[in-house]
Structure formats: C-alpha cells, structure tokens
Amino acid sequence: MKKLITLILGIAFVFGCTSNNNSDGDSSIYNYTQGANITDVDGNSYPTIVTNCSNQIWMQKNLNVSRYRNGDIIPQVTDVTQWNQLTTGAWCYYNNDPLNGPIYGKLYNWYAVNDQRGLAPTGYHIPSDSEWTNLISCLGGNNVAGGAMKESSSINWVSPNTGATNSSGFTGIPGGYNDYGFNHIGIRGYWWTSSEYISQGGVDYGKFYALYNFIASVDYSYTFKTRGYSVRCIKD
C-alpha cells in the first residue's frame, strides 16, 4: 500500500502539484549579497546568501552534517528496507556513495529535520513552508522562481536545465532522493521544510519543495517522512 501511495504522490507532484505561492511577485526588487561562511558541528563550512527582499539569510549549499547540534550521532542507514521502517532521524549518501557528499550533501529523513537536538548549525534552522514561500514570492512566484534558484552550470544538472539562471544565488542542485531505492540525481532536487501536513485520513506527512531540470517553476507537495531529501538551512 505504501508503495502505491508513494507512486500516486510522485505522479501528483511531477504533473499536477504547484506551490502554495500561486501569485506572481516582483522579481525586479530582488537581489542578494554573499554572506559569511558558517560551520556545522562536524566542521563543514557553508557559504551563505543575504537576500534584500525577504530579509533572509540562506545556506548556499546542501547540509552535510552527521551529528545533531549537541554532538549526538545521527545514524547512517544504508539498508533500503530498514530506512523505510524508521521513525527516528537518519541520513544516507545518494546511492550510499560518500563521493556524493561533498557535492550534494547528505539525504535526511524528516525525523532528523524535526529532532529537538537540532539538525541545523547553531544560529540556523530548517526553513518552514512560509519561509520558502517568502523567498519564492520575492523571485516572482513559483512559476518562474525555479529557474532563479537552480545552479546555471550543466556540471550537476542534466540537460536541458530549463530556465536556470541562479539569479537568486540559491544554487540549487539535483541531489535526488531515497525511498525504496535512489532516484533522480542530476534531474531533480528535493528539500524538506520543517512543516507538516495532516491528511483528512489522519496520515502525517512532511512538506517539501522541489526543482526539476525540465521546468523553470518550483514544485511543492508533501510526502512520507521516511523519504530521504536534501536540507538547506536559514538563519534564525
């Protein structure tokens, strides 16, 4: 049943789901400056961008930490069956290949995102749904913001990387995901929010945003908290 629901959700957010930010903003007022680098508990360094429109400071790379802020280890889980049975935080490399870490960061389930010990570096947190929406609105709305958020280079994105300009400085890259196996690296990037969605049937999902190589828009949906997605952080 879970595989069936996952397939249905996958079809929905690829072909039918759009962001909850449907109004077009004025991207002409947006600009950013390069911020200071920040360091996580493992010593990994991340560049940041300071936005003028949304008054936000975002990490410019995907999170690659293996410990919570207090130093506790986040388990690395490489077995697909075990991964999909978890109800606590975990991470993995795409395809369990550590060479993907420096480029795409780690993939985390939503339980790691929500852990009270803190996944983000000190002074930062996992952005909420509304914080993502604020950025997207500043970039002209979800129909065009994806292009502004995607890394413009073809090094990490599979062609055509439609509309990619990286005018936002976000530098989004396609790290793929983990759910009954690894998929979509080079083609799609998925990022967790800290927000949840409760269905009418009482099922509890995590919300996420996504960028694709074949469209210039930002996608938005919700899915099982067991999925492994990328993480960006935003300043408190």
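Residues numbered from 1 in each chain as written. Predicted model: local features only at pLDDT ≥ 70, side-chain atom pairs only at ≥ 80, totals over all residues. Heavy atoms only, no water.

Re the environment of Arg-188
- Relative to the elements of secondary structure, Arg-188 occurs in strand β11 (residues 188-198).
- Taking relative accessible area as the criterion, Arg-188 reaches 13% and is therefore assigned buried.
- When the C-alpha positions of Arg-188 and Tyr-212 are compared, they lie 4.5 Å apart, and in sequence the two are 24 residues distant. (Helix = DSSP H or I, 4+ residues; strand = E, 2+ residues; numbered from the N terminus. Buried < 20%, exposed > 50% of the residue type's maximum accessible area, 1.4 Å probe, protein only.)

So, the state of the cysteines
- With the rule as written, the count across this model stands at one disulfide.
- Across the disulfide from Cys-53 sits Cys-138; the S-S distance is 2.2 Å. A torsion of -80° about the S-S bond marks the disulfide between Cys-53 and Cys-138 as left-handed. Taken together, the residues Cys-53 in the loop between β4 (48-51) and β5 (57-59) and Cys-138 in helix α5 (residues 129-138) connect sequence positions 85 residues apart.
- Look at Cys-53 and you get partly exposed, because its relative accessible area is 24%.
- Owing to a relative accessible area of 7%, Cys-138 belongs among the buried residues under this scheme. (Disulfide = S-S within 2.5 Å.)

Concerning the side chain of Asp-40
- By the secondary structure assignment, Asp-40 is in the loop between β2 (38-39) and β3 (45-46).
- Of the side chains with opposite charge, Arg-67 lies nearest to the buried Asp-40, which makes no salt bridge, at 6.7 Å.
- Once you skip the residues sitting within four places of it in the chain, Asp-40 turns out to touch Tyr-46, Asn-64, Val-65 and Pro-121. (Lys, Arg positive; Asp, Glu negative; His and termini not counted. Salt bridge = Lys/Arg side-chain N within 4 Å of Asp/Glu carboxyl O. Contact = heavy atoms within 4.5 Å.)

Quick word on the pattern of salt bridges
- The full count for this structure, using the stated rule, is seven salt bridges.
- Among the salt bridges present, the one from Arg-117 reaches Asp-115, with a minimum N-O distance of 2.9 Å.
- One salt bridge connects Arg-227 with Asp-179, and the closest N-O pair in it is separated by 3.4 Å. Pair noted here: Arg-227 is in the loop between β13 (218-223) and β14 (234-235) and Asp-179 is in the loop between β9 (177-178) and β10 (182-183), with a separation of 48 residues, a long-range link.

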